[in-house]
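# Fold and geometry: a report
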Amino acid sequence: MDLSLYFTRQDLWGILPEIVLLVGALIILSIELFARSQRAAMLGVGILSLVIAGGFASKNFGSSFILFQGMVTLNDYSTFFDLLYMTAGIVTMVISYNYLERKGGETRGEYFALILFATMGMMLMTRGNDLVIIFLGMELLSLSLYVLVGFLRHDVFSNESAIKYLLLGAFATGFFLFGAVLVYGTTGTTNFQHIASAITNNEILSDTLLSLGIGLLLVGFAFKVALVPFHMWSPDVYQGAPTSVTAFLCTAPKAAGFGALLKVFLVAFPALHADWQDLLWALALLTMIVGNISALVQTNVKRMLAFSSVTHAGYLCIGILVLNEMGVSAILFYLLVYSVMNLGAFGIISLLEKEEKGVNFKDYEGLASKHPWLSASLALFMLSLAGFPPTAGFVAKYTLFSSAISEGYIWLIIIAILNTLVSVYYYVRLIVNMYMRTSEETLVPFLHPLLSVVIFILAISIMFFGVLPGWLIDTVTQAARIYT
Amino acid sequence: MISDYIPILVVFILAAGFAFAILALSHILGPRVKNSVKLSPYESGVDLVGKTRVRISIRYFLIALLFIIFDIEIVFLFPWAVVFKDFLSFGWTIFIEMAVFLFILGFGFLYVWKKGALEWE
C-alpha cells in the first residue's frame, strides 16, 4: 500500500488557489471575531487572497492536469473560468465597500468570507470532472449565495428573496441529484470520461432512464442559470438582493452554471448530442422571448436587468446547441463580456442607490448633466448589453450567432436577432432618461476612488474587446479546443 | 430489463387499490356517530392539553446544527482512527490531513461561540 495511490503532491499544488481562498476567508473571519468592523482590512485581505489565488491559477495556462484520480481536471478551460470568477469576486468586493451601510445594513466579515467561499464553489464546478464534485461545488456556491442574498437583515425584500432562493434552489438541487443518481445507476460511474465510454460502448442499463437522468440534470442546471421555464426565481431574487450581491449573482454563478453544463454535455454525453438538440432549441427560444418581453414592461432597473440576464442566458443556450469549437469559444467569450457589462452596470446602479431611491427608470432622469462620466459609462454598458458595435457586446453576439448559422440554425438566429432588436428598447430607455430628460432632483453617486478606477477599467475593457477582440478570441478558442 | 419490474408494479397497484377500497368501504358502510370525543384528535385516549403548533425557540435549531457538525466529524474520525496506524508508516500526511479538518471545524466552533450562539440567556 502506498499513499501516492490516493494523494500526491501534485494534487495539492493543483488546488492551491482554493486553499489560498480558504485561508483568506478564515483570516477575514478571525478579523471579524477579534477586531470588529475593520472593513478596510477585511476588504484588503479578501482582494489580496483573490489576487494571489488568481496568480496561482493563471500558472496553469497552457498545461493540463488530472488530479485526485480523475475527480478534478485543470486546463485552459477551467483556468479561464477561474480567472473570470476571481475578477467578478474582486469587482463585487469593491462595489460593496460601503453599499450595505447606505442601505442600513452592516458590512460584516462574513460578507467577504462568503464571496470567497462562493468563488471556491464555482471553481470546483468548472474544475470538477465528476458529478459528485460538480454537486459539491454547486452546493458550496448556492449555500453562500443564499446567505449573501439575505444579507440586509432589516430589509423585508432581501429576506423574502433569500427565502425564495433557498426554497427553490433546494428544490432544483433535488432535480440535479436525482438526475445524477439516474446517470450513476445506468452507467455505473460518476466520472465523466467513464460515463462517455459507457455510452459509446453501449454498456448502459436502460436508455430511458439515462435520458431521464440527463433531462433532470439539465433541469438542475437550467434552474441555476435561469432558463425559461425555470427562471421564476431570478427577477425576485435579483431585485430583492443587495445590488452588490446581484452584480455577483448574475455574473459569476451564471458563468459557473454554463461552464459546468457545457462540461457535462461536452465530456460525459457527447454521443447523445442529437437526442437533446430539440430540447435545447426550445429552451433557447422560450428563454429569449419570455425574458425579452418581460423586460420590456419593467419600471425597476434591477428587475429589467434581471430579465435581460434571462434573455442573455437564452442567447448562450444557442451556443450549447451548436457545441463545436466555434460555439464553445463563442460561449466563453460571451460569458466574459456579459460578466464585465453586468458588473459595470450593477456597480453604477449600486453607487447611485440611496435608501428607496435610485432603482427606478424615473430616478435616472437628468443624470447626464450632473455626472457626465458616470452616465457615459452606464450608457456604454447598456449599449454593449444591447449589442451595438463597436462595443464588446456586439462582437460577443456576432461570434455566437455566426457559429450557429454555420451549423444551419437559420430560423433560431433570425428570432434571436429580432429579440436583440426588441431589447434595444429597454436598454436605450435608460440612456434616454439620463440624457434627454431633465429633473430638479438628480441622484447623487457615492463614489470612492477605488470604485471609480474599477468602473473605468470595466468600461475601457468593454471598448477594448469590442475594437480589438483578437487576443481574447485566441484565448477562448484555445480553452474551447480542450473538449471539442 | 424494465419488464422485470412488472410484478412490482402489480403489487403496487394491488396494495394501493386495497388500501383505497378499504377506506372507501368504511366511508360508505360505516355508521356515523358524531360526538365531541369522536371528533377530537386521537391522543392515546387522554384529553387534549393544547394546540399541536407549539413555537419552538430558534436556539434549539442552532444546537441541532452544531450537533450535526460534530456528528459528521465523528463519522469521519472513526474510519480515520482505524487506519491511522497503518498509514503512519508513510509519514505524517494522515495526521496533518485530520489536523486541518479539525482546525477548520474548531475554528467554526470558536466563531459560533464568540458570536454568542451558545448563550442561552
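None of these values were measured; they are calculated from a predicted model. (Residues numbered from 1 in each chain as written. Chains lettered and ligands numbered in written order. Predicted model: local features only at pLDDT ≥ 70, side-chain atom pairs only at ≥ 80, totals over all residues.)

## As for the overall build of chain A
Note the cut-off: Labels follow the DSSP assignment, with helices taken as runs of H or I lasting at least four residues and strands as runs of E lasting at least two, numbered in each case from the N terminus. Throughout, the radius of gyration refers to the C-alpha atoms, and the reference size of a globule is 2.2 Å times the residue count to the power 0.38. The exposure label follows from counting other C-beta atoms within 10 Å of a residue's C-beta, where the C-beta atoms are placed from the backbone and the thresholds are 20 or more for buried and 12 or fewer for exposed, leaving partly exposed in between. Once C-beta atoms have been placed from the backbone, residue pairs whose C-beta atoms lie within 7 Å are recorded as contacts.
Helix and strand counts for chain A come out as 22 helices and two strands. Over its C-alpha atoms chain A spans a radius of gyration of 22 Å, differing by no more than 12% from the 23 Å that the globule rule assigns to 484 residues. Projected onto its principal axes, the C-alpha positions of chain A cover 70 × 60 × 40 Å. Each of the 484 residues in chain A was classed as buried or not, and the buried ones make up 57%. Put simply, 79% of the contacts in chain A that link residues at least 6 apart link residues at least 24 apart.

## Observations concerning the overall build of chain B
When you go through chain B residue by residue, the secondary structure sums to four helices and zero strands. Overall, chain B shows an N-to-C arrangement of helices and strands of α-α-α-α. Over its C-alpha trace chain B gives a radius of gyration of 28 Å, far above what one expects of a compact globule, namely 14 Å for 121 residues. Once the C-alpha set of chain B is aligned to its principal axes, its extents read approximately 75 × 60 × 20 Å. A total of 121 residues make up chain B; the buried ones form 1% of that total.

## Topic: the packing of helix α16 (residues 325–352) of chain A against helix α18 (residues 372–386) of chain A
For any two helices packed against each other, the geometry is given by the interaxial angle and the distance between the axes. Residue and element names in this part refer to chain A. Selection criterion: As a rule, the C-alpha atoms of each element are fitted with a line to give its axis, helices using only the stretch in contact, and angles between N-to-C directions run from 0 to 180 degrees. What makes a crossing left-handed is the near helix being turned counterclockwise from the far one by less than a right angle; a clockwise turn instead makes it right-handed. Gly falls in the polar group here, along with every residue not listed as nonpolar (Ala, Val, Leu, Ile, Met, Phe, Trp, Tyr, Cys, Pro) or charged (Asp, Glu, Lys, Arg).
For the pair α16 and α18, the least separation of the axes is 9 Å and the interaxial angle reads 140°. Seen from above, α16 lies across α18 with left-handed handedness. Facing α16, whose interface residues are Met341, Gly344, Ala345 and Ile348, α18 presents Leu374, Ser377, Leu378, Phe381, Met382, Ser384 and Leu385. Split into classes, the residues belonging to the contact of α16 with α18 amount to eight nonpolar, three polar and no charged.

## What about helix α3 (residues 58–88) of chain B?
Residue and element names in this part refer to chain B. Which entries qualify depends on this criterion: Helix span, as expected, comes to 1.5 Å for every residue beyond the first. The term bend refers to the angle at a residue between two fitted axes, each drawn through seven residues, those ending there and those starting there.
Spanning 31 residues, α3 covers 43 Å between terminal C-alpha atoms, matching the ideal 45 Å at 1.5 Å per step. The largest bend in α3 is about 45°, located at Val82. With zero of its 31 residues buried, α3 lies for the most part at the surface.

## Describing the environment of Ile405(A)
All names here are of chain A. Within the fold, Ile405 resides in helix α19 (residues 392–406). By the C-beta count within 10 Å, which is 14 here, Ile405 ends up partly exposed. Along the backbone, Ile405 and Phe178 are 227 residues apart, and their C-alpha atoms lie at a distance of 35 Å. With residues near it in sequence (within four places) discarded, Ile405 still touches Ile410 and Ile413.

## Some details on unusual backbone geometry
Residues and elements named next belong to chain A. For the bond running from Val228 to Pro229, omega is 5°, close enough to zero to count as cis. Structurally, Pro229 is set in the loop between α10 (207–224) and α11 (233–240). The omega torsion across Pro389 and Pro390 is 5°, close enough to zero to call that bond cis. When you line up the elements, Pro390 lands in the loop between α18 and α19. Here the phi dihedral of Asn202 falls at roughly 55°; this positive angle occurs in a residue that is not glycine.

## Some points on the packing of helix α4 (residues 76–95) of chain A against helix α21 (residues 449–467) of chain A
Residues and elements named next belong to chain A. What counts, and what does not: Relative orientations are named as follows: roughly parallel for angles under 35 degrees, roughly antiparallel for angles over 145 degrees, roughly perpendicular for angles from 65 to 115 degrees, and oblique for any other angle.
Across the interface, α4 lies against α21 with an axial gap of 9 Å and an inter-helix angle of 140°. With respect to each other, α4 and α21 are oriented oblique. Helix-helix and strand crossings are classified by hand; for α4 and α21 the assignment is left-handed. Counting all contacts with α4, which are made through Val91, Val94 and Ile95, the residues of α21 involved are Leu450, Leu451 and Val454. Of the residues in the contact of α4 with α21, the class split is six nonpolar, no polar and no charged.

## Digging into the environment of Val264(A)
Its place among the elements puts Val264(A) in helix α13 (residues 252–268). Distance from Val264(A) to Phe192(A), taken between C-alpha atoms, is 7.1 Å for residues 72 residues apart in sequence.

## Brief notes about the confidence of the model for chain B
All names here are of chain B. Note the following rule: Per-residue confidence from the prediction method is given by pLDDT, with values spanning 0 to 100.
The predicted model of chain B has a mean per-residue pLDDT of 85, with 99% of residues at 70 or higher. Ranking the elements of chain B by mean pLDDT puts helix α2 (residues 36–39) last, at 74, and helix α1 (residues 6–29) first, at 93. As scored by the predictor, the complex reaches a pTM of 0.89 and an ipTM of 0.78.

## As for the confidence of the model for chain A
Scored by pLDDT, chain A comes out at a mean of 91, with 98% of its residues at no less than 70. The secondary structure element of chain A with the lowest average pLDDT is helix α5 (residues 99–102) of chain A, at 85, and the one with the highest is helix α7 (residues 131–149) of chain A, at 95.

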